[in-house]
Structure formats: structure tokens, C-alpha cells
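What the coordinates show
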Amino acid sequence: MFRCLHRGSNLLTGVFNASLLRTSANTVSILETKTGRKSAINDNTRSISTTPLPEFDKDGLKSHDDLYRLSIEKPDYFWGTLARSRLQWYEDFSLTKDCDMKSGHIRWFLDGKINASVNCVDRHAESSPDKIAMIWEKDEPGTQEYVTYREFQKLLCKMSNVLEGHGVKQGDRVAIYMPKSPTAVAAMLACARIGAIHSVVFAGFSAEALAGRIMDAQVETVITADQGVRGGKIIDLKKVVDDAVQTCPCVKRVFVYQRTGNEVPMSNIDINLDKELESASDSHTPAVLDSEDLLFMLYTSGSTGKPKGIAHSQAGYLLYANMTMKHVFDYKEGETFGCVADIGWITGHSYVVYGPLSNGATTLLFESTPVYPDPGRYWEMVERLKLNHIYLAPTALRMLLKNGDEWVLKYDRSSLRKLGCVGEPLNNEAWDWYYNVVGEGRCDICDTWWQTETGGIAITPRPSSPDAEIRPAMPMRPFFGIEPVLLDPVTKQELTGGNVKGALCVRHPWPGMARTIYGDHDRFLKTYYADYPGFYFSGDGAYRTQDGYYQITGRMDDVLNVSGHRLGTAEIEDVIDDHEDVAESAVVGFPHEIKGEGIYAFVVLKDRVSKSEEELMSDLKHACKSRVSSFAQPDFILLTPGLPKTRSGKIMRRILRKIAANKPDELGDVSTLFDPSIVEILVDKHQQSL
Ligand code: 6R9
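Cut-offs and rules
Residues numbered from 1 in each chain as written. Predicted model: local features only at pLDDT ≥ 70, side-chain atom pairs only at ≥ 80, totals over all residues. Heavy atoms only, no water. Pairing = 2+ DSSP bridges. Helix = DSSP H or I, 4+ residues; strand = E, 2+ residues; numbered from the N terminus. Axes fitted to C-alpha atoms, helices over the stretch in contact; angles between N-to-C directions. Contact = heavy atoms within 4.5 Å. Buried < 20%, exposed > 50% of the residue type's maximum accessible area, 1.4 Å probe, protein only. Right-handed = clockwise from strand over helix to strand, strands pointing away. UniProt positions renumbered as here; feature names shortened; annotations may be inferred. 1 Å grid on protein atoms, 1.4 Å probe; cavity = no way out; pocket = protein on both sides within 12 Å on 5 of 7 lines; lining within 4 Å. Points joined across faces, edges and corners; volume = space filled by probe spheres on them. Nonpolar A, V, L, I, M, F, W, Y, C, P; charged D, E, K, R; others polar. Polar contact = N/O pair within 3.5 Å; in protein donor to acceptor, adjacent residues only side chain to side chain. Near = heavy atom within 4 Å. Areas by Shrake-Rupley, 256 points an atom, 1.4 Å probe, with all protein chains shown as cover. Phe/Tyr/Trp six-rings, centres within 6.5 Å; stacked < 30°, edge-to-face > 60°. Parallel < 35°, antiparallel > 145°, perpendicular 65-115°, else oblique.

**Observations concerning the sheet that holds strand S18 (residues 389–392)**
As summarised here, the arrangement of the 7 strands in space is S5-S4-S17-S16-S18-S19-S20, forming an open sheet in which the pairing is mixed. Of all the strands in the sheet, the pair left with one neighbour each is strand S5 (145–148) and strand S20 (444–448). The mean angle between the axes of side-by-side strands here comes to 20°, regardless of whether they run parallel or antiparallel. Across 4 bridges, strand S4 (residues 132–137) lies against strand S17 (residues 362–366) in parallel orientation. Each residue of the ladder has a partner; that of Trp 136, found in S17, is Leu 365. Relative to the sheet, helix H16 (residues 428–438) contacts S18, strand S19 (418–422) and S20, its axis offset from that of S19 by approximately 160°.

**A look at the pairing of S17**
Two faces belong to every sheet, and in a regular strand the side chains alternate between them. Buried residues dominate S17, accounting for 5 of its 5 residues. Neither face of S17 is left uncovered, since the one carrying Thr 362, Leu 364 and Phe 366 and the one carrying Thr 363 and Leu 365 both have all their residues buried. One ladder, built from 2 bridges, connects strand S16 (residues 336–339) with S17; its direction is parallel. Residue pairing across strands places Thr 336 opposite Thr 362, the latter belonging to S17. Tracing the backbone out of S16, into helix H12 (residues 346–358) and back to the parallel element S17 gives a crossover that is right-handed.

**Digging into the UniProt feature "domain: AMP-binding enzyme C-terminal" (unreviewed entry) in the protein chain**
Under the local residue numbering, the UniProt record ascribes the feature "domain: AMP-binding enzyme C-terminal" (unreviewed entry) to residues 571–650. The distance from the first to the last C-alpha atom of residues 571–650 is 18 Å, and the span holds 28% helix and 31% strand.

**With respect to empty space enclosed by the protein**
Taken as a whole and assessed by the stated rule, the structure comprises 1 cavity of 30 Å³ or more. When its volume is computed, the largest cavity comes out at roughly 30 Å³. Forming the walls of the largest cavity are Glu 453, Met 513, Ala 514, Phe 524, Tyr 528, Tyr 529 and Tyr 536. Residues of the lining of the largest cavity, tallied by class, amount to 6 nonpolar, no polar and 1 charged.

**A few points about the side chain of Ser 117**
Secondary-structure assignment places Ser 117 in helix H5 (residues 116–127). We classify Ser 117 as buried; its relative accessible area is 0%. At 3.0 Å, the side chain of Ser 117 and the side chain of Arg 193 are in polar contact. What Ser 117 contacts, discounting residues up to four positions off in sequence, is Asp 122, Leu 156, Leu 189, Ala 192 and Arg 193.

**Some details on unusual backbone geometry**
Of note, the amide linkage connecting Tyr 372 to Pro 373 takes the cis form, showing an omega dihedral of -5°. Among the secondary structure elements, Pro 373 is positioned in the loop between S17 and helix H13 (377–385). The backbone of Lys 492 sits at a positive phi, close to 65°, despite the residue not being glycine. Inspection of the secondary structure puts Lys 492 in the loop between strand S21 (484–487) and strand S22 (494–495).

**Structural notes on the site of the ligand**
Around the ligand lies a shell of 17 residues, among which Asp 447, Thr 448, Thr 452, Asp 540 and Arg 566 are the nearest. Expressed as a share of its isolated accessible area of 530 Å², the protein-covered part of the ligand is 95%. At the level of secondary structure, the elements contributing two or more residues to the shell around the ligand comprise H12, S20 and strand S26 (550–555). Among the residues forming the shell around the ligand, the class breakdown is 6 nonpolar, 6 polar and 5 charged.

**Things to note about the packing of aromatic side chains**
This structure, assessed with the given rule, holds 38 aromatic pairs. Geometrically, the ring pair formed by Trp 79 and Tyr 320 is tilted, given 6.0 Å between the ring centres and 55° between the ring planes. Of this pair, Trp 79 sits in helix H4 (residues 75–86) while Tyr 320 sits in helix H11 (residues 314–328), and the two are 241 residues apart along the sequence. Take Tyr 320: its relative accessible area is 0%, and that puts it in the buried class. Judged by centre distance (5.7 Å) and plane angle (80°), the rings of Tyr 351 and Tyr 391 are edge-to-face. Note that Tyr 351 is positioned in helix H12 and Tyr 391 in strand S18, a separation of 40 residues in sequence.

**So, helix H8 (residues 207–216)**
Ala 207, Ala 209, Leu 210, Ala 211, Arg 213 and Ile 214 are the residues of H8 that are buried. The secondary structure elements touched by the buried residues of H8 are strand S6 (173–177), strand S8 (221–225), helix H9 (237–246), strand S14 (294–300) and helix H19 (613–627).

**Topic: the packing of helix H14 (residues 394–402) against H16**
Running from N to C, H14 and H16 point in directions that differ by 75°, and their axes come no closer than 10 Å. Considering the angle they form, H14 stands roughly perpendicular to H16. Contact residues: Leu 397, Arg 398, Leu 400 and Leu 401 in H14; Glu 429, Ala 430, Trp 433 and Tyr 434 in H16.

**A word on the environment of Ile 197**
For Ile 197, the location among the structural elements is in strand S7 (residues 197–200). Overall, Ile 197 belongs to the buried group, its relative accessible area being 6%. Residues Ile 197 and Gly 534, 337 residues apart in the sequence, show an inter-C-alpha distance of 29 Å. Look past the residues within four positions of Ile 197 in its chain and what remains in contact with it is Gly 171, Asp 172, Arg 173, Val 174, Leu 294, Leu 295, Phe 296, Met 297 and Tyr 518.

**As for the side chain of Glu 55**
You can see Glu 55 is positioned in the loop between helix H2 (37–42) and helix H3 (64–73). For Glu 55, a relative accessible area of 9% puts it in the buried group. Among the polar contacts made by the side chain of Glu 55, one reaches the side chain of Ser 85 at a distance of 2.5 Å.

**Brief notes about the sheet that holds strand S29 (residues 582–592)**
Strand order across the open sheet formed by 3 strands is S29-S30-S31, with mixed pairing between neighbours. Looking at strand neighbours, the two that pair on one side only are S29 and strand S31 (636–639), the edges of this open sheet. With direction set aside, neighbouring strand axes in the sheet form an average angle of 20°. The pairing of S29 with strand S30 (residues 596–605) spans 10 bridges and is classified as antiparallel. Looking at the pairing, Val 588 lines up with Tyr 600 of S30. Across the sheet, helix H20 (residues 653–660) is in contact with S29 and S30; its angle to S29 comes to roughly 55°. Where helix H21 (residues 677–689) meets the sheet, it contacts S30 and S31, and its direction lies at approximately 130° from that of S31.

Set out below in C-alpha cells:
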């Protein structure tokens, strides 16, 4: 019987015996029976519901409001207690936190010794070895594979031995460019196990984007696959890595996992990962790491320059992913958690890997797309795998709802309890459809607001309270420890009360928050701590209702959100400006029915150009796709003789946004422009192009 973590006996001591773990990893049985797995998955034994956080029952705190207050008023007691009860430690920490929001200095669980991979795998392999750790939902429906905790522990140990055997050591950065699979998750957790810092790069990014991330972190080791399979198509991943590595002298080795087994060219730095795994030992002693040792970094777009390698640490991140997964989605023992995000994004890190596995849950590794082989894929999968939770992106919902209800209704969705979404605002129409059609009006909608930088969910309608009211289309309430604050962007004053709109900041530190931008702490401080001193600034704007609920109004900087992917306008402009015929460009977002935000590029050409307009447009689209990724392709490119600029030469994006949104009567004051006549030209050209 699977042990309930927060009440498990030896977990409450807060001290973990490393030798116990070594023994268990050494003695795992080799034989694995395939029978009974289905019933293990279908057996959704619900634990008898207790209070949200039983750790505080002794304090007489049972309601969410009381517990939330405790988390804000006594954060050291709150998080310290949970860190000890929910995580296994080699050595207890001596201080719960040492944080200063004024200087962006964030440290949690000081002097504690821990290993995230042990918390995600070994302790469950020990207590419930035959429990399904993950279901690998491969591209072709019906070809899923089940991996138990014991099987996964063996794979993890093998992977750790392979990496170590090739000289990968604590503190090294390892780039992972792989499709979702148990091997990819093992690669991430093997890094965590030996103390290397993983940097997963979404396996849809171009060679140039991958190379930029490899060079930024001076990565020596890359782990990839021969090919990926998505939506029935083969994607040549190794080829992208080959192209990237050519420009990265720091790379010493590339491990190649065989996803399809098709032959791909191998060079002298390439290593056949499957062969190595086959012969590696399946027991491995994890490194004893410090709470604050970096666990991973993950690149995300900023408003200027190159993407930022947001860095998270071992213990704080893990605790926050663990707590949010369990409480936001009311995860119960025996349930199957289905987050369809890719591991290349933070949602995949926190809610495919670290959150579910640290809770001993069964997690889903979804390799396909929402429309393969047809728009019923998600719901057919829900029926076949009996998923209890699904966590997806609003852009997918908007696309699916256009295909009609029949794709949903033909499948049995009675296993579903919670319907989550993340990445962009969930509009009313999509909310209604999700709630009424998908969820038959009986499942909570968990609209979750958070970021790569927050490590886990920060605002969500039911952050532990099973009966709290839910309002459509807003994430509403802060999670434990999060105190949202709205500040006036001009006066920098705090906006109190309801019915106010401002810059969304957070007042107090929480364990899951990012520690730095890898290799550029100054940029970290400038981006998140300089604009509103004393607070963490998210970059988003928010509205607080009369009742104190939060609704996100969108980015306040030049970051676009295209189908839930963050993209800096500067990143796209850089690519466009590199074209020999382009003088300058400005990229803005505009409302897009499916993608949430579309990309609109205003491009000024040089006086003499070598190509026709048509060729140029196609060049520019292709360049964005091949140098950044397919979702970076502009939806519109407008060739224009100039851009609206202030006298000091600043592009007035406000005006471009209105033109792109087709709202020429809302342009506002254009008198401060150096040449106001350009606006009329732009409006005319835009209208002609429609
Ligand atoms: C987890 C993730 C973060 C940005 C964030 C915001 C937008 C995320 C949202 C949302 C409205 C929600 N965002 N969740 N906007 N409602 N529920 O998406 O991380 O890729 O770093 O993006 O996404 O603008 O600042 P990340």
C-alpha cells in the first residue's frame, strides 16, 4: 500500500539515512510483472480527506484562510515544518530562510543536505516499487508504456552512472534536447542526482536558439535523441544538434538516445546512449547536495536581448513544486495526473516531473499533439488512461472548441476531477467550454497563474480550499506564502483595496522563487527587483476585483505570449534586422483568436533591395522559424517607409499595437512623434493589407 507522504512515519523525522537508500537501490528485483498495471492505474483509491495541511492540525488551523495567514505571518515556521514533513533530507537545515527582497538575495533551508532525485524516485521505489511512476503516452494512440517506480529507479541509476562515467560532475551544465519520454525524465533526474545542472531546451527550438543556450551556459554535455515523433511526423533532432554543436566549441560529448532507431550520422563526440545504458549498473549512490545547489536552469524570453537562464535550486524549488501540485489540484493518492506540457517548459518541469514524482504520483508523458490523429485525442486519452487531472494550455482549448463538442462527448470523461490550464489568460468562452462541455459542470477549473521564475503556481482559484467559490476566467487567489501586491507603474505606490489595476508584484519570498539568471546576476536584479524596490516584479499587470480576487491583464513589457510561449519582441526583431535588405523593424503582438497573441512585424527596407517583396516576406518568415522556432513566425509583415518614433528616437509601440489590433481610432496622442504623418501611412497600408 502506498504510504501517504505527509503522514508517513520516518518522513516526519526530517532526517534521512543515505545508507538505507543505497541498500534499497542495490536490492531491487530485476523481474517486473506486466500484469495488474491497468488495475493499479484504475484503482483510484481516495485517501480519506483530512484537513488541507495536517502538519498544522496541532495548531488548531484547519481552514485555508487560517493556514494562508500562517504562511504569510510565520513563513519560517510554515515552510520549515512542510520542508521537514514533505521532503526527505540527509541533514536537517539550520535556518529556514535568509532572504532580502530589497537586494534580491534568496536562500532557503540553509545547510540542509538533500537530493531531489531521491525525493522524486528512490523513496517511492522503496515504499511502493510496483506503483506506476509514469505513463508514456506515445504519439500513436494506444501504444502507451507504463513504468513503475522500481523500473524507473533502475533507469535513473543507469543514466547517472553513464553520465558520471563520462566525467559529468557536480556543477556541470547539461543541455537536454529530447522529446518527452522516460529516458528524457531520467536524464533530468540523473543530473539532479549527481548535482549537474540541467538545461532542457524545447526540442522545437532551432539550431541557432539551441546553440545560444549551449554557449551561454558553456555546456560540455548534450543529451538528445536520433529523432522525435510528433503528430505522425518525424523530426530530425540529432540533425539540429549537429548544426548547433558546430558553433559550440565548449561541447565535448553528445549522448544520442534512440527514439526511432533510424540511422543518423554519428561523429566522434557522439555517444550511443542506449548502448551505454544497457551495460551500466542499475544502482547508484546519489550525491549529498546542499539545499541551495542549483537544480536546473531554464531559458525564458525577456523584453531585451538574449533569453535568460532562470536558475532554480534543489530544496526550495522541489518543496514548492511538491506543495502546489498536491494542493492546487487536490491530488489524492492513487490518482493519475495528466499535464500535457512539454518538459522544455517550466510547466513540464514542475507538473510533469518534479511535482508529481515528489508526491509519488503517476504522471503522464504526452508525446503527441492535441489534434493527432484528430481533435478528440485528449479526451480519448482521458478515457483510455482514466486520467483524474488534465493540465493544458488555453490556446489548445480555443483550438479544440472550434472543432465542435462531438470530439469531446464521444469519450467517457468521468475519471476527470480537476481541469487545469496555464500560460495565458483563459478567456470566458474557453472557460465555459472547459467547464460545461469537457467537465460536464462537475470539475473545478484551475486557472493557474505563474512563471518560469516563480517555480510553481502562485495564483489559482482553489489553493487548497475544496469549497471555495470559483469565478470564471481568473486565477483569483494566492497560494500559500504568496502575497500579491499591485503597484502603480508611475508613482510606484502600492494600490490598496479592490477595483484597482497595477504592476503585479509579490511582497514576501517563497521557496520556489528563482535564485538568479545563470551567469548574469545583475540582469536578474535589474529585471525583477529594480523597478519596484522591495518586491519581486513579475512583468505582468493585474486587476484586483472588489472582493480581492486577481485577474491577469497581460505583460507590461515587450514580451509576447504566443500560444503560451514567451517571446521577446527583440528576439524576433534581431532576426528580421539581420536580413540584408532590412533597415529596421518593430514587432508587436495583436489579439489572435486561437494563439491568444499573434506576431505583427513592421519592417522598414533599405533604399536598395535585392529581392521582390514576396521573396522578402518569405525570407523573413523562414528566418524567424529557422533561427528561433516555428511559433516565432510573424502572422503579418507590413513593409513601411518608416516607424513612429519620438524625438529621442524611441519607437512608440503603443501606436503600432493599436494599428495591429485594427483600432486606428484609438491611437491617442501622436503629437509627440518626430514625424506624425507616418501614422497615417501605416494605417492606410495596414488596411490595404487586410
Ligand atoms: C507557467 C508559465 C509566464 C507568463 C506570465 C504571464 C503568462 C501564465 C497565466 C498567464 C494569464 C494565466 N501567464 N499563466 N497569464 N493567466 N493563468 O507559463 O511560465 O512560460 O514563464 O510564462 O505567462 O504573462 O508572466 P512562462
